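Remarks on the overall topology
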Amino acid sequence: LALHHAKRAGSLQLRRFSPSMRAEAIDRRHLDLELRRAFRDGEFELHSQPQIDLASGVVSGAEALLRWRHPERGLLMPVAFIDALARSAIAPAVGNWILQQACRDAAGWPVLHGRRLKVGVNLFPAQFNDDALVEKVDAALRASGLPADQLEIELTETIALRDDGVAEKTLLQLRSRGIRVSYDDFGTGHASLSMLHRLPVDRVKIDRSFVRDVVASRGDKAIVRSITLIAKNFDMEVIAEGVESRDQVLLLREFGCHEVQGFLYSMALAPRLFERWLSDHVPQAA
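Per-chain numbering applies: the sequence of each chain, read as written, is numbered from 1 onward. For this predicted model, a pLDDT threshold of at least 70 governs which residues receive local features, and a threshold of 80 or more governs which side-chain atom pairs are given and counted, while totals over whole chains, interfaces and linings are taken from all residues. Each side-chain value is derived from all of the structure's non-hydrogen atoms; neither hydrogens nor water enter the calculation.

Attention now moves to the packing of helix 1 (residues 2-9) against helix 2 (residues 19-40). Interaxial distance between helix 1 and helix 2 falls to 10 Å at its minimum, and their mutual angle equals 80 degrees. Classed by the angle they form, the pair helix 1 and helix 2 counts as roughly perpendicular. Contacts between helix 1 and helix 2 involve Ala2, His4, His5 and Arg8 from the first element and Met21, Glu24 and Arg28 from the second. Think of it as three bins: nonpolar holds Ala, Val, Leu, Ile, Met, Phe, Trp, Tyr, Cys and Pro, charged holds Asp, Glu, Lys and Arg, and polar takes everything else, Gly as well. Partitioned by chemical class, the residues of the contact of helix 1 with helix 2 number two nonpolar, two polar and three charged. To get an axis, a line is fitted to the C-alpha atoms, and for a helix only the part in contact is used. The angle between two axes follows their N-to-C directions and goes from 0 to 180 degrees. Only DSSP runs of H or I with at least four residues qualify as helices, and only runs of E with at least two residues qualify as strands; both kinds are numbered from the N terminus onward. Any angle that falls under 35 degrees is termed roughly parallel, while one over 145 is termed roughly antiparallel, one within 65 to 115 roughly perpendicular, and all others oblique. Every residue pair with non-hydrogen atoms within 4.5 Å of one another is taken to be in contact.

Turning next to the confidence of the model for the protein chain. Looking at any residue, its pLDDT shows the predictor's confidence there, from 0 to 100. Averaged over every residue, the pLDDT of the protein chain is 90; residues scoring 70 or more account for 95%. Within the protein chain, the lowest mean pLDDT, 69, falls on helix 8 (residues 192-196), and the highest, 97, falls on helix 4 (residues 91-107).

Within the secondary structure, Arg36 is located in helix 2. Exposure classes here rest on a 1.4 Å probe applied to the protein chains alone. A residue is buried below 20% of its type maximum, exposed above 50%, and partly exposed in between. For Arg36, a relative accessible area of 35% puts it in the partly exposed group. The spacing of Arg36 and Ala89 is 53 residues in sequence and 9.0 Å in space, taken between C-alpha atoms. Residues contacting Arg36, with those up to four places away along its chain left out, are Ser88, Ala89 and Ile90. Two N or O atoms count as a polar contact when they lie within 3.5 Å, although within protein this holds only if one can serve as hydrogen donor and the other as acceptor, and sequence-adjacent residues are included solely when both atoms are side-chain atoms. A polar contact is formed between the side chain of Arg36 and the side chain of Asp32, at a distance of 2.8 Å.

Planes of paired rings set the category: under 30 degrees apart is stacked, over 60 is edge-to-face and the rest tilted, where pairs are Phe, Tyr or Trp rings (Trp by its six-membered ring) whose centres lie within 6.5 Å. On inspection of all chains with the given rule, the structure shows six aromatic pairs. For the pair Phe274 and Trp277, a centre-to-centre distance of 6.3 Å together with 5 degrees between the ring planes defines the contact as stacked. A residue pair is termed a helical-turn pair when its members lie 3 or 4 positions apart in one helix, as Phe274 and Trp277 do in helix 12 (residues 271-280) at three residues. Trp277 matches Phe274 in its accessibility class, with the two residues each being buried. Among the aromatic residues, those joined into a ring-pair cluster are Phe39, Phe44, Trp68 and Phe81.

Here we take up helix 2. With 22 residues, helix 2 should cover 32 Å at 1.5 Å per step; its first-to-last C-alpha distance of 32 Å lies within 8% of that length. Considered for burial, the residues of helix 2 that qualify are Met21, Leu31, Asp32, Glu34, Leu35, Arg37 and Ala38. Contact partners of the buried residues in helix 2: helix 1, strand 1 (44-53), strand 2 (59-70) and helix 3 (82-87). Multiplying 1.5 Å by the helix residue count minus one yields the expected span of that helix.

Only residues whose relative accessible area exceeds 30% and that form no salt bridge enter a patch; like-charged residues are grouped when within 9 Å of one another, and nonpolar side chains (Val, Leu, Ile, Met, Phe, Trp, Tyr) when within 5 Å. For every accessible area listed, the method is Shrake-Rupley and the probe measures 1.4 Å; residues are considered covered only by the protein chains on display. Salt bridges are counted wherever a side-chain nitrogen of Lys or Arg sits within 4 Å of a carboxyl oxygen of Asp or Glu. A cluster of nonpolar side chains, Leu75, Met77 and Val79, forms an exposed patch at the surface whose accessible area comes to about 290 Å². Assignment of secondary structure puts Leu75 in strand 3 (residues 74-76).

Right, let's get into helix 7 (residues 166-176). Buried residues of helix 7: Ala167, Thr170, Leu171 and Leu174, and no others. Buried residues of helix 7 fall within an arc of 95 degrees about the axis and therefore sit on the same side. Opposite the buried face of helix 7, at more than 90 degrees from it, the exposed residues are Lys169 and Ser176. Of the surrounding elements, those touching the buried residues of helix 7 are helix 5 (133-144), strand 5 (151-155), helix 6 (157-160) and strand 6 (180-186). Residue Gly178 follows helix 7 closely and has a positive phi angle near 100 degrees. The arc in question is traced by the directions running from the helix axis to the C-beta atoms.

Next up, the structure:
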């Protein structure tokens, strides 16, 4: 256990064993067993958070977000389990289920203002170890009837940092089908900028940590303005998450951000609630 902690901390590290390490390992194992049971018993749910086009003020799509309906603890947000799930052996199977369910949900969404709504799906890093990933994406689209250009795959830095060429090859194959690719949590990792010129990406997502204080913080304001400028130079679109105020919307629009999502418009909603939101609450121009 001490060796494991030392390796996680980086090279040339020293860690001494303490009882808390054993407790942490036991908790981690227990959580993994719970996640396996949750997947087997159908406790995972897929909710959708609307994404808003800043030019028109209308909904343009949604991000599919995983939730866990725990039998004892109630509805759990990803922060409570997503890291453990990403490390679990069931991650590829859960990821494939998310992909299939997101496509089925989006295929049933109405056409609003003459445009079809797209759905963004996050992939687990482990899914890129599957040689059949592209075929599974094709199968999900085919089974649901969702057009390829309505699907957007969101990748994280963990995926982007792979230097074996797998991520780049897979993303190129997906884009050749008309599927869009976005870079999630842009600006939070050390490799974000260096990856843009190498990976086939259509747009970047500004992390909520920069959006939260963008109005009051000079530093966050500079970061957001820089990200939008970089994306423009790469001919990429920009979406910002975690938007909660009109002042943030006005500033993001001024900087050239194309789309936003956040509690100002809606939290992530279960399928029936999201469909009701679409029919009852089409956002107006900000």
